[in-house]
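# Structural overview for review
Letter by letter, the chains look like this.
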Amino acid sequence: QVQLVESGGGLVQPGGSLRLSCAASGIIFSDNTMGWYRQAPGKERELVARSTSNGNTNYTGSVKGRFTISRDNAKNTVYLQMNSLKPEDTAVYYCNALFNARYEYWGQGTQVTVSS
C-alpha cells in the first residue's frame with residue numbers, strides 16, 4: 001500500500017520560512033518523480049515544484065528563487081524548503097509521486113498559512 005505523509009505545515013508570518021516533508025512508503029522512491037502541489041481556496045491545484053528520478057528539478061514561476069525542492073532517496077523523503085513566504089503562498093500543499101507517467105499517488109495535504 002502506497003502512503004505519502006506530509007508534515008511541516010503551519011502558520012507563519014510574511015517573510016518567514018517553513019520546510020515541508022513528505023515520507024513515502026510502498027513505492028520504489030528513487031524511481032519516482034516527486035512533486036509538491038498546492039491548492040488555495042477557490043483555485044485549482046497547481047504544481048509548485050518537482051524532482052525527477054534523475055535529479056532534475058523545476059518550479060512554477062511564482063516560487064523560483066524562494067522555494068527549493070530536495071529529496072533523500074535513502075530516507076524515501078522529499079522536502080520543500082519555503083523561504084520569503086507571501087500571503088499568496090497560503091494553500092494546502094500536497095505531495096505527489098509519479099512513476100512512468102502512469103502511476104500517481106497523493107498525500108493527504110498539509111495546510112500552510114502565511115499571515116501577520
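Remember, predicted model here, so these are calculated numbers, not experimental data. Per-chain numbering applies: the sequence of each chain, read as written, is numbered from 1 onward. Thresholds applied to this predicted model are a pLDDT of at least 70 for local features of residues and 80 or more for the giving and counting of side-chain atom pairs; totals over whole chains, interfaces and linings are not thresholded and use all residues. Only hydrogens and water are removed before side-chain values are computed, so all heavy atoms of the structure are retained for them.

### Here we look at the side chain of arginine 66
Heads up, the rule is: Helix numbering and strand numbering both begin at the N terminus, where a helix is a DSSP run of H or I of at least 4 residues and a strand a DSSP run of E of at least 2. Whenever two N or O atoms come within 3.5 Å, that pair is a polar contact, provided that in protein one can donate a hydrogen and the other can accept it, and provided that, for residues adjacent in sequence, both atoms are side-chain atoms. Residues count as neighbours in contact if any of their non-hydrogen atoms are within 4.5 Å of one another.
Looking at the secondary structure, you find arginine 66 in the loop between β6 (57-59) and β7 (67-72). Here serine 84 takes part through its backbone oxygen, which lies 2.9 Å from a polar atom of the side chain of arginine 66. Ignoring sequence-local partners within four residues, the contact set of arginine 66 consists of Gln81, Met82, Asn83, Ser84, Leu85, Lys86 and Asp89.

### Here we look at unusual backbone geometry
For the record, the criterion: The cut-offs for exposure are 20% and 50% of the maximum accessible area for each residue type, with area from a 1.4 Å probe on protein chains only; residues under the lower value are buried, those over the upper are exposed, and the others partly exposed.
With a phi close to 55°, asparagine 76 is a non-glycine residue in the positive phi region. Within the secondary structure layout, asparagine 76 lies in the loop between β7 and β8 (77-82). We classify asparagine 76 as partly exposed; its relative accessible area is 25%. In this structure, serine 84 is a non-glycine residue whose phi angle is positive, near 50°. When you line up the elements, serine 84 lands in the loop between β8 and β9 (91-99).

### Focus on the sheet that holds strand β3 (residues 18-25)
Sheets are built from strands that pair by backbone hydrogen bonding, the pairs being arranged parallel or antiparallel. Stated formally: A pair of strands is considered paired only if DSSP assigns at least 2 bridges between the two. Interaxial angle, 0 to 180 degrees, is taken between N-to-C directions of lines fitted to C-alpha atoms, where a helix line uses only the stretch in contact.
The sheet built from four strands is open, its strands ordered β1-β3-β8-β7 with antiparallel pairing. With partners counted over all chains shown, the strands left at the sheet margins are β1 (3-7) and β7, one partner each. Here the average twist between neighbouring strands, direction ignored, is 15°. Here β7 runs beside β8; their pairing, made up of six bridges, is antiparallel. Along β8, the bridge assignment pairs serine 70 with tyrosine 79.

### Looking at the packing of aromatic side chains
Threshold: Each Phe, Tyr or Trp ring (for Trp, its six-membered ring) is paired with any other whose centre lies within 6.5 Å, and the angle between the two planes then decides the class: stacked below 30 degrees, edge-to-face above 60, tilted in between.
Applying the stated criterion across every chain yields a total of three aromatic pairs. Ring geometry for tyrosine 37 versus tryptophan 106: centroids 4.9 Å apart, planes at 65°, classification edge-to-face. With a gap of 69 residues between them, tyrosine 37 in strand β4 (residues 33-39) and tryptophan 106 in strand β10 (residues 103-106) connect regions that are remote in the sequence. Overall, the relative accessible area of 35% leaves tryptophan 106 in the partly exposed class. Taken together, Tyr37, Tyr94 and Trp106 form an aromatic cluster joined through their ring pairs.

### Details of the pairing of β10
In terms of strand pairing, β9 meets β10 through four bridges, oriented antiparallel. Opposite leucine 98, over in β10, you have glutamate 104 as the bridge partner. What sits between β9 and β10 in their antiparallel hairpin is a turn of three residues, with asparagine 100 showing a positive phi close to 60°.

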